[in-house]
Amino acid sequence: MTNQMTNIKLNSKKILMFLLTIIAILVGLSIWGQHMRFFGVADIRGAWHEFLIDQMINNFYLDYEGNVPSYINALLLFIPSLLLACIGAWKSSIRDKFRFQWNGLALIFFLLSVDEIASFHEELIKPMRAIFGSEGIFYFAWIIPGMIAIALFGLMYLMYFLHLENKFKLLFFLSLAAYLGGVVGGEIVSGYFAANLG
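Residues numbered from 1 in each chain as written. Predicted model: local features only at pLDDT ≥ 70, side-chain atom pairs only at ≥ 80, totals over all residues. Heavy atoms only, no water.

Caption draft 1: Fine view of the packing of aromatic side chains. Considering all chains together, one arrives at eleven aromatic pairs under this definition. An angle of 55° between the planes, with centres 6.2 Å apart, marks the rings of Phe 78 and Phe 110 as tilted. Taken together, the residues Phe 78 in helix 3 (residues 68–93) and Phe 110 in helix 4 (residues 99–118) connect sequence positions 32 residues apart. Note on Phe 78: relative accessible area 32%, which makes it partly exposed. Taking the relative accessible area as the measure of exposure, Phe 110 reaches 37% and is therefore partly exposed. (Phe/Tyr/Trp six-rings, centres within 6.5 Å; stacked < 30°, edge-to-face > 60°. Helix = DSSP H or I, 4+ residues; strand = E, 2+ residues; numbered from the N terminus. Buried < 20%, exposed > 50% of the residue type's maximum accessible area, 1.4 Å probe, protein only.)

Following this line, the structure appears as C-alpha cells:
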C-alpha cells in the first residue's frame, strides 16, 4: 500500500467574494436597523412586524456583542483554528521546526472565537480602569493588556514570520494589520468618542 498525500484545493477568489458578500449584507442590515432606531418606522403592522424590527435594530447591529454579526465573526475565527490545528498535527507528525507555532496559532484562533461569543475581554475594562485610571483613547481599557499580548505574540512569532515565503509574509502581515486595526484601532476610536462625547 502506498502513502499518498491528499491535496485539498480551495478557490481563494470565490471564498473572498463569499466573505465580502456576507460583510456587505451584515453592514447593510446594521445600517438599516439603525436607521429604523433613529428615524423610526412609519407603520408597525402587528406583533410580528415589531418583532422583526427589534431583531433588525438589536441583533444585526455591528457595535453590539452577542448577536448575529458576533456569531459569524466567531465562526470566521473558529474555522481557521480547525485548519491550523490540522496543519499543526501534520507539522508535529513530521517534527517540523515550527510545529509549536502552528499549534499555537490554532489555540489563539480558538480562544479568539470563544472570546467573540463570551466577551471575556469586556470584563477586563473595569479592573484595567481601576489600575491605570485609563480614559480617552484607553476608555475601553481591555486594549492595554490586549496590546501587551500583541507585543508578546510579535516576539514569539518573529522567527516563524521570517521563515515564510515572501508571498505569505505579505498576506500574513496584511491579515494581521486588518484584524488588529479593526479590533484595537476601532476600540481606540470608539473609546475616544465614548470618553469625550458620552
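Having put the structure on the table, let's press on.
Caption draft 2: Layout of the nonpolar core. In terms of nonpolar packing, the biggest core is built from nine residues, these being Leu 84, Phe 98, Trp 102, Leu 105, Ala 106, Phe 153, Tyr 157, Tyr 160 and Leu 164. Here this core takes three residues from helix 4, the largest share from any one element. Those residues in contact with Leu 105 that lie beyond four places of it in its chain are Leu 84, Phe 153, Tyr 157 and Tyr 160. Counting six residues, the second-largest nonpolar core is a separate cluster that includes Met 36, Ile 53, Met 56 and Phe 60. (Core = buried A, V, L, I, M, F, W, Y, C linked by side-chain atoms within 4.5 Å. Contact = heavy atoms within 4.5 Å.)

Caption draft 3: Representation of the environment of Phe 110 in the model. Sequence spacing of Phe 110 and Ile 79 is 31 residues, and the spatial spacing of their C-alpha atoms is 8.6 Å. Here Phe 110 is in contact with Phe 78 and Ser 81, once residues within four sequence places are set aside.

Caption draft 4: Molecular detail of the packing of helix 1 (residues 12–39) against helix 3. Contact geometry of helix 1 with helix 3 gives a least axis separation of 11 Å together with a crossing angle of 160°. As the angle between them shows, helix 1 and helix 3 are arranged roughly antiparallel. Here helix 1 and helix 3 pass one another in a crossing that is left-handed. In contact with Leu 19, Ile 22 and Leu 26 of helix 1, helix 3 contributes Val 68, Pro 69, Ile 72 and Leu 76. Tallied by class, the residues present in the contact of helix 1 with helix 3 amount to seven nonpolar, no polar and no charged. (Axes fitted to C-alpha atoms, helices over the stretch in contact; angles between N-to-C directions. Parallel < 35°, antiparallel > 145°, perpendicular 65-115°, else oblique. Left-handed = near helix turned anticlockwise from the far one by under 90°. Nonpolar A, V, L, I, M, F, W, Y, C, P; charged D, E, K, R; others polar.)

Caption draft 5: The packing of helix 6 (residues 143–156) against helix 8 (residues 166–197), seen in detail. Across the interface, helix 6 lies against helix 8 with an axial gap of 11 Å and an inter-helix angle of 165°. Classified by the interaxial angle, the pair formed by helix 6 and helix 8 is roughly antiparallel. For the pair helix 6 and helix 8, the sense of crossing is left-handed. On helix 8, the residues touching Ile 143, Met 147, Ile 150 and Phe 153 of helix 6 are Phe 172, Leu 176, Leu 180, Val 184, Glu 187 and Ile 188. The residue makeup of the contact of helix 6 with helix 8, split by class, is nine nonpolar, no polar and one charged.

Caption draft 6: How the structure looks around the environment of Pro 145. Looking at where Pro 145 falls in the secondary structure, it is placed in helix 6. For Pro 145, a relative accessible area of 25% translates into the label partly exposed. When the C-alpha atoms of Pro 145 and Leu 124 are compared, they prove to be 8.6 Å apart, with 21 residues separating the residues in sequence. Every residue in contact with Pro 145, bar those within four places of it in the chain, is listed here: Leu 124 and Met 128.

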